[in-house]
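Per-entry structural report
Each chain, written out:
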Amino acid sequence: MANSTTTVVKGLPPGPAGRSSPEGSQVLSKKKLQDLVREIDPNEQLDEDVEEMLLQIADDFIESVVTAACQLARHRKSNTLEVKDVQLHLERQWNMWIPGYGSDEIRPFKKACTTEAHKQRMALIRKTTKK
C-alpha cells in the first residue's frame, strides 16, 4: 500500500501491514452457523462443504466491509474506525440498515428512478443539441 496508515479497530490486535485482523479465528464459527440453521429449520443439516463455503463467504463479507469502512475513516482523516463508517458502507453498498446502532445522521439513500417523461425530455434535448 502506498499510503500506510494504521486504523484502530477496538477489540482486534493489529495484523500484518498495520491492519487489524483476527488471524486464525473466524467471526462465525461452525457451532454458531449450525445454531442459526437450527433456528430456521430444526430438521435441516448442512453438508461439510456447504458449511465451509458459508463460513468463507461470511469472512470475505466482513473483511470487505471492514476494509471499506477503514477507507471511509481515513477519508475523514481519522485513525479510528467508528460505527458511522460501517453504517455508511453497509447502507450505500449493500442497502443494509442496522437499527439501534449509531445515530440518525445517515439517512437511507435511494436513487430517484427516472420517469418516462424525463427520458423523453432528455432524448429531445440530445436530439436538438446534435443539430
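Looking up the chain in an unreviewed UniProt entry gives the name Transcription initiation factor TFIID subunit 12, with the organism given as Amphiprion ocellaris. The Subcellular location (unreviewed entry) comment attached to the chain in UniProt states, word for word, "Nucleus". Recorded in UniProt for the chain, the comment headed Sequence similarities (unreviewed entry) runs: "Belongs to the TAF12 family."

1. Quick notes on the overall build of the chain
Counting its regular elements, the chain contains four helices and zero strands. Listing the helices and strands of the chain from first to last along the sequence gives α-α-α-α. Burial statistics for the chain: of 131 residues in total, 20% are counted as buried. A sequence separation of at least 24 residues applies to 30% of the contacts in the chain between residues at least 6 apart. With an accessible surface of roughly 10500 Å², the chain has 56% of that area assigned to carbon and sulfur atoms.

2. Considerations on the side chain of Ser78
By the secondary structure assignment, Ser78 is in the loop between helix H2 (48-75) and helix H3 (83-94). Ser78 gets classed as buried once you look at its relative accessible area, which sits at 14%. At 3.1 Å, the side chain of Ser78 and the backbone nitrogen of Thr80 are in polar contact.

3. A look at the nonpolar core
Counting six residues, the largest nonpolar core consists of Leu28, Leu33, Val37, Leu46, Leu55 and Ala58. Among the secondary structure elements, those contributing two or more residues to this core are helix H1 (30-40) and H2. Non-local contacts of Leu46, meaning those with residues more than four positions away in its chain, are made with Leu33, Val37, Glu51 and Leu54.

4. Some remarks on the side chain of Asp59
Positionally, Asp59 belongs in helix H2. Within the buried core, Asp59 has no salt-bridge partner, and the shortest N-O distance to an opposite charge, that of Lys32, equals 10 Å. What Asp59 contacts, discounting residues up to four positions off in sequence, is Gln26 and Val27.

5. Remarks on the packing of aromatic side chains
Within this structure, the stated rule accounts for one aromatic pair. Aromatic pair Phe61 and Trp94: ring centres 5.1 Å apart, planes at 75°, arrangement edge-to-face. With a gap of 33 residues between them, Phe61 in helix H2 and Trp94 in helix H3 connect regions that are remote in the sequence. The partly exposed category is assigned to Phe61, whose relative accessible area is 28%.

6. Brief notes about the packing of H1 against H2
Relative orientation of the contacting elements H1 and H2 amounts to 105°, with a least axis distance of 11 Å. Between H1 and H2, the angle falls in the class roughly perpendicular. Here Lys30, Leu33 and Gln34 of H1 lie close against H2, whose contacting residues are Glu48, Glu51, Glu52, Leu54 and Leu55.

Calculation notes
- Residues numbered from 1 in each chain as written.
- Predicted model: local features only at pLDDT ≥ 70, side-chain atom pairs only at ≥ 80, totals over all residues.
- Heavy atoms only, no water.
- UniProt positions renumbered as here; feature names shortened; annotations may be inferred.
- Helix = DSSP H or I, 4+ residues; strand = E, 2+ residues; numbered from the N terminus.
- Buried < 20%, exposed > 50% of the residue type's maximum accessible area, 1.4 Å probe, protein only.
- Contact = heavy atoms within 4.5 Å.
- Areas by Shrake-Rupley, 256 points an atom, 1.4 Å probe, with all protein chains shown as cover.
- Polar contact = N/O pair within 3.5 Å; in protein donor to acceptor, adjacent residues only side chain to side chain.
- Core = buried A, V, L, I, M, F, W, Y, C linked by side-chain atoms within 4.5 Å.
- Lys, Arg positive; Asp, Glu negative; His and termini not counted.
- Salt bridge = Lys/Arg side-chain N within 4 Å of Asp/Glu carboxyl O.
- Phe/Tyr/Trp six-rings, centres within 6.5 Å; stacked < 30°, edge-to-face > 60°.
- Axes fitted to C-alpha atoms, helices over the stretch in contact; angles between N-to-C directions.
- Parallel < 35°, antiparallel > 145°, perpendicular 65-115°, else oblique.

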